[in-house]
Amino acid sequence: MEYIFETEHLRVRRFEFEDARHLFENHLEEEVKKWIPNESYADMEETQEAIRFYVECVNSRRLPYVLAVELKETGELIGDTGVNEVEGKTDEVEIGYGISKKHSGKGYATELLQAMTEFIAAAFGIKVLYGRVMHGNNASVRVLEKNDYVFVREEFGAEDDPYGNGMLIYKKEC
């Protein structure tokens, strides 16, 4: 297996079609549906199509650039991470990450965000990264702040904010 990068506890790689069941189940978790409601898959077919698209993007080094995250110790798929373009800005991206509930609270998201930030900045020449978090997702806010992302503004009316409470926008310049 080819890994794109590793951290102390994690290995990050391209998705494989065998990951579909774990990806589907991870995105059905209540915490994921609560904080990233537009990131759930309707069924296995949609999950497989998403993996096909992610692999195609990674192989051609274009955005969105979405990767699988596995635990070194067990090889288990425990989450995913990715970046997508900020509309009209070639050197800015929005970064995202998710760790399954079973593995949350162990520092993996903080470790992952640090490594993904460094990787994306170097591999794509990205100068500015943004993290967008729904109001109330305090765990994700802590992950961003631990990685020196700085709060810049609130955003209301976003399509990925179904509760209408607003999004907190964090920024990191590389």
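Above this text you will find the structure in question.
Criteria and thresholds
Residues numbered from 1 in each chain as written. Predicted model: local features only at pLDDT ≥ 70, side-chain atom pairs only at ≥ 80, totals over all residues. Heavy atoms only, no water. Helix = DSSP H or I, 4+ residues; strand = E, 2+ residues; numbered from the N terminus. Polar contact = N/O pair within 3.5 Å; in protein donor to acceptor, adjacent residues only side chain to side chain. Salt bridge = Lys/Arg side-chain N within 4 Å of Asp/Glu carboxyl O. Buried < 20%, exposed > 50% of the residue type's maximum accessible area, 1.4 Å probe, protein only. Expected span 1.5 Å × (residues − 1). Arc of directions from axis to C-beta. Contact = heavy atoms within 4.5 Å. Core = buried A, V, L, I, M, F, W, Y, C linked by side-chain atoms within 4.5 Å. Phe/Tyr/Trp six-rings, centres within 6.5 Å; stacked < 30°, edge-to-face > 60°. Lys NZ or Arg CZ within 6 Å of the ring centre and 35° of its normal.

A.B. asks: Sorry, what's going on with the side chain of glutamate 70 here?
C.D. replies: Here glutamate 70 shows up in strand β3 (residues 65–71). Of note is the side chain of glutamate 70, whose polar atom sits 2.7 Å from the side chain of tyrosine 3.

A.B. asks: When you look at the pattern of salt bridges in this model, what are you seeing that I'm missing?
C.D. replies: Pairing between side chains becomes possible if they bear opposite charge and their charged atoms approach one another. Inspection of the entire model under this criterion finds twelve salt bridges. Between glutamate 76 and lysine 102 there is a salt bridge, with the nearest N and O atoms lying 3.5 Å from each other. Residue glutamate 76 is located in the loop between β3 and β4 (77–86), and its partner lysine 102 is located in the loop between β5 (89–99) and α4 (108–124); the two are separated by 26 residues in the primary sequence. Looking at lysine 102, the relative accessible area reads 58%, which means it is exposed. Beyond isolated ion pairs, a larger network of salt bridges with shared partners links Glu6, Arg11 and Lys72.

A.B. asks: I keep staring at helix α3 (residues 44–59) and nothing clicks. Help me out?
C.D. replies: Because each turn of an α-helix spans 3.6 residues, side chains separated by three or four positions end up pointing in the same direction. Between its first and last C-alpha atoms α3 spans 22 Å; for 16 residues at 1.5 Å apiece the expected length is 22 Å, and the two agree. Along α3, the residues that are buried comprise Thr47, Ala50, Ile51, Tyr54, Val55, Cys57 and Val58. One face of α3 carries all of its buried residues, which in axial projection span an arc of 160 degrees. On its buried face, α3 is in contact with β1 (3–6), α1 (20–26) and β3.

A.B. asks: Can you help me understand the nonpolar core in this one?
C.D. replies: It is characteristic of soluble globular proteins that their nonpolar side chains tend to be buried jointly. Among the nonpolar cores identified, the biggest contains 31 residues, and Met116 and Ile120 are the most heavily contacted of them. Within the residue set of this core, elements represented by two or more residues are β2 (10–13), β3, β4, β5, α4, β6 (128–134), α5 (138–146) and β8 (167–173). What isoleucine 120 contacts, discounting residues up to four positions off in sequence, is Tyr65, Val83, Val93, Gly125, Ile126 and Leu129. Among the nonpolar cores identified, the runner-up in size contains twelve residues, and Ala20, Phe24, Ala50 and Ile51 belong to it.

A.B. asks: Looking at this structure, how should I read the packing of aromatic side chains?
C.D. replies: The way to describe two aromatic rings as a pair is by their centre distance and the angle between their planes. Enumeration according to the criterion identifies six aromatic pairs in this entry. Seen in terms of ring centroids, phenylalanine 53 and tyrosine 54 are 6.4 Å apart; in terms of plane orientation they differ by 55 degrees. Their pairing is tilted. A residue is classified by how much of its surface remains accessible, and phenylalanine 53, at 37% relative accessible area, is partly exposed. With relative accessibility at 12%, the residue tyrosine 54 sits in the buried group. Among the aromatic side chains, those forming a connected cluster through ring pairs are Phe5, Tyr65, Phe119 and Phe124. Seen from the ring of tyrosine 3, arginine 11 lies directly overhead, with NZ or CZ sitting 5.2 Å from the centre. Sitting over the face of the ring of phenylalanine 124, arginine 61 holds its NZ or CZ atom 4.8 Å from the ring centroid.

In short, geometric facts, not functional conclusions.
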